[in-house]
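# Structure at a glance
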Amino acid sequence: MENRQIVIIGAGPAGLTAAIYARRAGMDVLLLERGVSGGQINSTAEVENYPGFKVSSGLGLGQAFREHAERFGAEFRDCSAESVSFSVFEQGDKIIRTDRGGISADALIICSGSTFKRAGCKGEMELAGHGVSYCAVCDGVFYEGAPVAVIGGGNAAVEEAEYLAKFASKVYLIHRGEEFRAQRVLVERALCNPRIEPVMGCVVDEIEGKDMVERVVVRGLRSGETRTVSVEGVFVFVGTAPNVDFLKDSEDIRMDGPGWIVTDGKMETSVEGVFAAGDVRDKFLRQVVTAAGDGATAAMAAYEYLSNQYYLKDRLFVPERAYALFISGIDESHLALAGETEDWRRGAGVSVLTVDAHRNLRIKGKLGIGELPAMVEMSCGKKARETAVSSLDDVKNFIGARGPLH
Ligand SMILES: Cc1cc2nc3c(=O)[nH]c(=O)nc-3n(C[C@H](O)[C@H](O)[C@H](O)COP(=O)(O)OP(=O)(O)OC[C@H]3O[C@@H](n4cnc5c(N)ncnc54)[C@H](O)[C@@H]3O)c2cc1C
């Protein structure tokens, strides 16, 4: 099977930035994209909040990201990731199955973004980008002093209505239910805002306008009566979902309730060597600039991870004989023992590698290391001996049994 150092799923702002950083760090990078590279931003007419680009078309910005990644030699493949699986034991253990065959990767960065749901009414598609929007932070500022409609009744709709009320003269908050689904505190705050007018128990049948949005046709679900409301913008917030279908059989990756991937500050997921960046992860603000920032972090974290893996492999699995002290890097007493061992080994000219088993679960699993801290003797890539240790004397005794390695 084809093996690559870093495979990135999704060539939106997060994936493309990850590719730039990983290539500049000298890594081999393959990007998988099932649609058009550039990602969601391709679907917006104008972007004016990406630093350095005062105004850009969405398509132009997406293209600039791609050209930048190509300049550093990232390889692209038009294909869809369909499933992934992981084995804790081997390098190249991340298997990505695509509609064009399987690939194994030493590290995987998931940047597959999210998909927003459409309201599904007449005129929505035709006027998308011409007054119909799915992002208040992106487009709210274009509606200064104008009336707008928000469709939806969940947290996003209510929060974004409040955000839009900073600019718009009036915000009609149109919800099919008789009560909002959003958190009570958000609803109470929004309803205190004189610019927000709730329109309950109603659906939008049609968004009308010649070239730009001019009005919406609203129908009461109980009465069946329709009325026309003049607005210049329609913001649709009826749900957004992460693009994680290809993870459906992989229970190892931790996600929150709706399926957003949970990461730490280095974008690492619950699976060692698998990172997630951009809109697909559980985060506060889903924008190009934050996706790009995540991508950069994920790439450098993947680089650090792989460098460490390759280093450990060279020092542990290649030599005829090697000693390693396996510790848990989150345990103070283990760290103290590692420090003492390091001081002693330098003075004595002995070679002992310290391995944080907490951050290297794969190697720990592969060697079947039990209780920590543990001294391990490796011989030609295989574990020859292992003993649990608790003091520097234990470490010295372990090495003394076979003689030091200089
Ligand atoms: C209409 C609209 C307007 C917006 N306007 C702005 C704005 O003005 N400013 C701003 O900062 N942000 C804006 N955003 C938000 C911004 O586009 C996103 O935050 C950003 O694109 C997220 O980047 P990403 O790389 O995480 O994901 P995405 O851009 O969603 O990219 C993910 C990529 O992964 C691919 N993919 C998904 N699944 C697979 C798979 N299984 N196999 C292969 N490929 C896959 C997708 O095809 C896609 O290209 C807007 C969003 C929308 C929808």
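Everything numeric here is computed off the predicted structure, so don't read it as measured data. Residue numbering note: each chain is counted from 1, following its sequence as written. It should be noted that, the model being predicted, local features are given only for residues of pLDDT at least 70 and side-chain atom pairs only at 80 or more, the latter also being counted only at that level, while totals for whole chains, interfaces and linings use all residues. The side-chain values count all of the structure's non-hydrogen atoms but skip hydrogen atoms and water molecules.

By definition, any uninterrupted DSSP run of H or I lasting at least four residues is a helix, any uninterrupted run of E lasting at least two residues is a strand, and each is numbered from the N terminus. Here Glu33 shows up in strand β2 (residues 29–33). Contacts of Glu33, omitting those with residues within four sequence positions, involve Gly10, Ala11, Gly12, Arg77, Asp78 and Cys79. The criterion used for residue contact is that any of the two residues' heavy atoms lie within 4.5 Å.

Attention now moves to helix α1 (residues 13–24). Here α1 is twelve residues long and its end C-alpha atoms lie 17 Å apart, about the 16 Å a rise of 1.5 Å per residue gives. Exposed residues in this analysis have more than 50% of their type's maximum accessible area, buried residues have under 20%, and partly exposed residues fall in between, with area computed by a 1.4 Å probe over protein chains only. The element α1 is extensively covered by neighbouring structure, given that nine of its twelve residues are classed as buried. Within α1, burial applies to Pro13, Ala14, Gly15, Leu16, Thr17, Ala18, Ala19, Ile20 and Ala22. Where the residues of α1 are buried, they touch β1 (2–9), β2, α2 (58–71), β5 (75–78), β8 (101–110) and α7 (288–317). Expected helix span is taken as 1.5 Å per residue step, with the number of steps being one fewer than the number of residues.

With that settled, the discussion passes to the site of the ligand. We call a residue near a molecule or strand whenever a single non-hydrogen atom of that residue lies within 4 Å of it. Near the ligand lie 35 residues; those nearest to it are Glu33, Asn49, Cys138, Asp279 and Val288. Take Pro13: an N or O atom from its main chain is 3.2 Å from an oxygen atom of the ligand. Two N or O atoms count as a polar contact when they lie within 3.5 Å, although within protein this holds only if one can serve as hydrogen donor and the other as acceptor, and sequence-adjacent residues are included solely when both atoms are side-chain atoms. Within the contact set of the ligand, an oxygen atom lies 3.4 Å away from a backbone nitrogen or oxygen of Arg286. Elements with a contribution of two residues or more to the shell around the ligand: α1, β2, β3 (46–47), β9 (114–116) and α7. For the shell around the ligand, the residue count by class is 16 nonpolar, 14 polar and five charged. Residue classes follow a fixed rule: Ala, Val, Leu, Ile, Met, Phe, Trp, Tyr, Cys and Pro count as nonpolar, while Asp, Glu, Lys and Arg count as charged, and any other residue, Gly among them, counts as polar.

Another aspect to go through is the environment of Arg184. If you trace the backbone, Arg184 turns up in helix α6 (residues 184–191). In sequence terms Arg184 and Asn155 are 29 residues apart; their C-alpha atoms lie 9.4 Å from each other.

In this model, Leu372 is joined to Pro373 through a cis peptide bond whose omega is -5°. By the element assignment, Pro373 lies in the loop between α9 (361–367) and β22 (374–379). Despite not being glycine, Met267 shows a phi value in the positive range, around 70°. With respect to the helices and strands, Met267 occurs in the loop between β18 (240–242) and β19 (274–276). Even without glycine at this site, Cys380 takes up a positive phi of about 50°. Along the polypeptide, Cys380 turns up in the loop between β22 and β23 (382–388). Overall, the relative accessible area of 52% leaves Cys380 in the exposed class.

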